[in-house]
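Breakdown of the fold
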Amino acid sequence: MAKDVSVPAFVGPFGDRPPIALTIAGSDSGGGAGIQADLKTFTVLGCFGTSVLTAITAQNTLGVQAAEALEPSLVLQQMRSVMSDIGADAAKTGMLANAAVVEAVAQGVRELGIRPLVIDPVMMAKGGEPLLAPEARTALVEELLPLATVITPNIPEAEALTGLRIGSLDEMREAVRRLHGLGPAWVVVKGGHRTGPEAVDVVFDGTRFHELRAPRIDSDRTHGTGCTFSSAITAYLAHGLPVLDALRRAKTFVTRAIETAPRIGGGHGPTNHLWPMGTTRLPGSAVEAKRGPAGA
Ligand SMILES: Nc1ncnc2c1ncn2[C@@H]1O[C@H](COP(=O)(O)OP(=O)(O)OP(=O)(O)O)[C@@H](O)[C@H]1O
Ligand SMILES: [Mg+2]
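Report follows, based on the coordinates. (Residues numbered from 1 in each chain as written. Chains lettered and ligands numbered in written order. Predicted model: local features only at pLDDT ≥ 70, side-chain atom pairs only at ≥ 80, totals over all residues.)

Here we look at the overall build of the protein chain
A tally of regular secondary structure across the protein chain gives nine helices and nine strands. Each of the 296 residues in the protein chain was classed as buried or not, and the buried ones make up 47%. Put simply, of all contacts in the protein chain between residues at least 6 apart along the chain, 68% involve residues at least 24 apart. (Helix = DSSP H or I, 4+ residues; strand = E, 2+ residues; numbered from the N terminus. Buried ≥ 20, exposed ≤ 12 C-beta atoms within 10 Å, placed from the backbone. Contact = placed C-beta atoms within 7 Å.)

Regarding the nonpolar core
Core analysis: the biggest nonpolar cluster contains 77 residues, and Val102, Val105, Val176, Val189, Ala232, Ile233 and Ala250 have the highest contact counts within it. Those residues in contact with Ile233 that lie beyond four places of it in its chain are Val118, Val150, Ala246, Leu247 and Ala250. (Core = buried A, V, L, I, M, F, W, Y, C linked by C-beta atoms within 7 Å.)

Overview of the site of ligand 1
Among the 23 residues in the neighbourhood of ligand 1, the closest are listed as Asn154, Lys190, Gly192, Ala199 and Gly226. Broken down by secondary-structure element, the contributors of at least two residues to the shell around ligand 1 are strand E8 (198–204), helix H7 (225–238) and helix H8 (243–259). Of the residues contributing to the shell around ligand 1, the split by class is eight nonpolar, 10 polar and five charged. (Near = placed C-beta within 6 Å. Nonpolar A, V, L, I, M, F, W, Y, C, P; charged D, E, K, R; others polar.)

Concerning the environment of Leu62
Tracing the backbone through its elements, the reader meets Leu62 in the loop between strand E2 (48–60) and strand E3 (63–69). Overall, Leu62 belongs to the partly exposed group, with 13 C-beta atoms counted inside 10 Å. Linking Leu62 and Gly269, residues 207 residues apart in sequence, is a C-alpha distance of 8.5 Å. Not counting chain neighbours up to four residues away, the residues in contact with Leu62 comprise Gly266 and Gly267.

The structure is reproduced here in structure tokens:
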């Protein structure tokens, strides 16, 4: 008699199909930013994560040692492969490397009707290494930003996109207003690069300004904060939350991820994408033997 090899269907909190979140971004071999940060964040927030790679970086907490963009045709084919079979409830873009990749991604977004779409207009790594060729900015502004549900530039990116010098909150408000004129439905200018007791992000929806505020944490473990924030927004949008709710929850998520960041590497360490899971120590593991039981 044939053996019954059928297994029970997976039934999680969302039935047999979790929300699906897609990241279109570069690989960070160090695991703290890029698609690795995005997929960890999607997973811990209850989404099934898919990924379209745009570039591969040789990177760690000390910096980016090498980077190579993928062929635009391969980027577009990954988008078609994912969307034609699996689909996406929300998507984000991160590192896009060069103008040809930006154009391929914009073509894919239009052709495949990908939305809601979060665009994190990544231009530089924390250490200053370029992650987008300067000549790609025109394609980013003309082709991609008009397709966005939300864009999340940091202050240097907002300055590059608007030509403004941004120091004060008022200048951040002026920047979000101008960036909104480029076509995205929502704009968030992140305040991570400012100083002061709070990390304030300024939001504009075309009508109203909003602020996302959290205590500024004094830490050098901030590698990938931008990826963590934009992927959390994407995950919450994939769950169907309204944009402002998704932004507020993502702010809480990234703040907690910075607060509980682990000690990994000798430079700017990663955030703790997995904080909702708590700490798992396997009884009898080498870590347990070295450090003593959890809580000791
Ligand atoms: N030290 C900090 N304490 C609290 N929140 C922070 C801190 N640094 C950044 N944030 C928050 O993290 C989020 C990401 O902002 P940030 O300006 O760091 O992005 P980014 O520069 O794009 O990051 P990345 O270098 O990873 O691309 C924002 O919500 C910001 O306010
Ligand atoms: Mg960033």
